[in-house]
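Read off the chains here:
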Amino acid sequence: MDVSDLKKLVEDCTIVSLALGVKEVHLHDEDIAERGGRRSIYLVKEIKKGEILTDKMVKSVRPALGLEPYRLEEVLGKKAKVDLPSGIPLRSEDFE
């Protein structure tokens, strides 16, 4: 391999590295503002500590301050760790 081949290899590796991108999602400021228009899961019924969460206790509404709707299955059927009032965004850490 001569110098020109090595230079071409470095350029090609740089292009591949840029094409692969990064693992994390980085939001721009304008994207963060738009998140409020998305939906999240909110409690529509008060839940006592130890009570099991059902789909009748939640609703998907705006703004997106809680658990994303596609993650609802993660907490359905789980027990509440603490008393939770009606009308708050659902958080996975509130359930065991």
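Up top is the structure.
The notes below deal with the structure included here. A quick note: this is a predicted structure, and the numbers were derived from the prediction, not measured.

## A look at the overall build of the protein
Then comes step 1: Summing up its helical and strand segments, the protein has 2 helices and 2 strands in all.
Then comes step 2: Beginning at the N terminus, the succession of helices and strands in the protein can be written as α-α-β-β.
Then comes step 3: Computed over C-alpha atoms, the radius of gyration of the protein comes to 23 Å, more than 25% over the 12 Å expected from 2.2 N^0.38 for 96 residues, which places it beyond the range of a compact globule.
Then comes step 4: The principal-axis extents of the C-alpha atoms in the protein amount to approximately 70 × 30 × 20 Å.
Then comes step 5: Here the protein holds 96 residues, and the buried ones make up 17% of them.

## Structural notes on the pairing of strand β1 (residues 40–43)
Then comes step 1: Side chains S40 and Y42 of β1 all project onto a buried face; the interleaved residues I41 and L43 project onto the opposite face, where all are buried too.
Then comes step 2: Judged from the 4 bridges that link them, β1 and strand β2 (residues 58–61) form a sheet pairing that is antiparallel. Its bridge partner lying in β2, S40 is registered against V61.

## Notes on the side chain of D94
Then comes step 1: Structurally, the position occupied by D94 is in the segment after β2.
Then comes step 2: Setting aside chain neighbours within four positions, we find D94 in contact with K79, A80, K81, V82 and L84.

## Structural notes on a nonpolar patch on the surface
Then comes step 1: Side chains of M1, L6, L9 and V10 sit close together on the surface and give an oily, nonpolar patch of about 420 Å² of accessible area.
Then comes step 2: In this structure, L9 sits in helix α1 (residues 3–20).
Then comes step 3: Using a relative accessible area of 39% as the deciding quantity, one classes L9 as partly exposed.

## Some thoughts on the environment of G37
Then comes step 1: With respect to the helices and strands, the residue G37 is situated in the loop between α2 (29–34) and β1.
Then comes step 2: Through-space distance from the C-alpha of G37 to that of P63 is 5.7 Å; in sequence the pair is 26 residues apart.

## Topic: the nonpolar core
Then comes step 1: With 13 residues, the main nonpolar core has L43, I47, L53, V58, V75, L90 and F95 as its most contacted residues.
Then comes step 2: In this view, L90 contacts I41, Y42, L43, L53, V58, G66, L67, L72, V75 and F95; residues no more than four positions away in its chain are not counted.

## Points about the environment of S86
Then comes step 1: Note on placement: S86 falls in the segment after β2.
Then comes step 2: With 42 residues separating them in the primary sequence, S86 and V44 have C-alpha atoms 5.2 Å apart.
Then comes step 3: Here S86 is in contact with L43, V44, K45 and E46, once residues within four sequence places are set aside.
Then comes step 4: In terms of polar contacts, S86 uses its side chain to reach the backbone carbonyl oxygen of V44, at 3.4 Å.

Thresholds applied
- Residues numbered from 1 in each chain as written.
- Predicted model: local features only at pLDDT ≥ 70, side-chain atom pairs only at ≥ 80, totals over all residues.
- Heavy atoms only, no water.
- Helix = DSSP H or I, 4+ residues; strand = E, 2+ residues; numbered from the N terminus.
- Rg over C-alpha atoms; globule rule 2.2 N^0.38 Å.
- Buried < 20%, exposed > 50% of the residue type's maximum accessible area, 1.4 Å probe, protein only.
- Pairing = 2+ DSSP bridges.
- Contact = heavy atoms within 4.5 Å.
- Patch = residues over 30% accessible without salt bridge, like charges linked within 9 Å, V, L, I, M, F, W, Y side chains within 5 Å.
- Areas by Shrake-Rupley, 256 points an atom, 1.4 Å probe, with all protein chains shown as cover.
- Salt bridge = Lys/Arg side-chain N within 4 Å of Asp/Glu carboxyl O.
- Core = buried A, V, L, I, M, F, W, Y, C linked by side-chain atoms within 4.5 Å.
- Polar contact = N/O pair within 3.5 Å; in protein donor to acceptor, adjacent residues only side chain to side chain.

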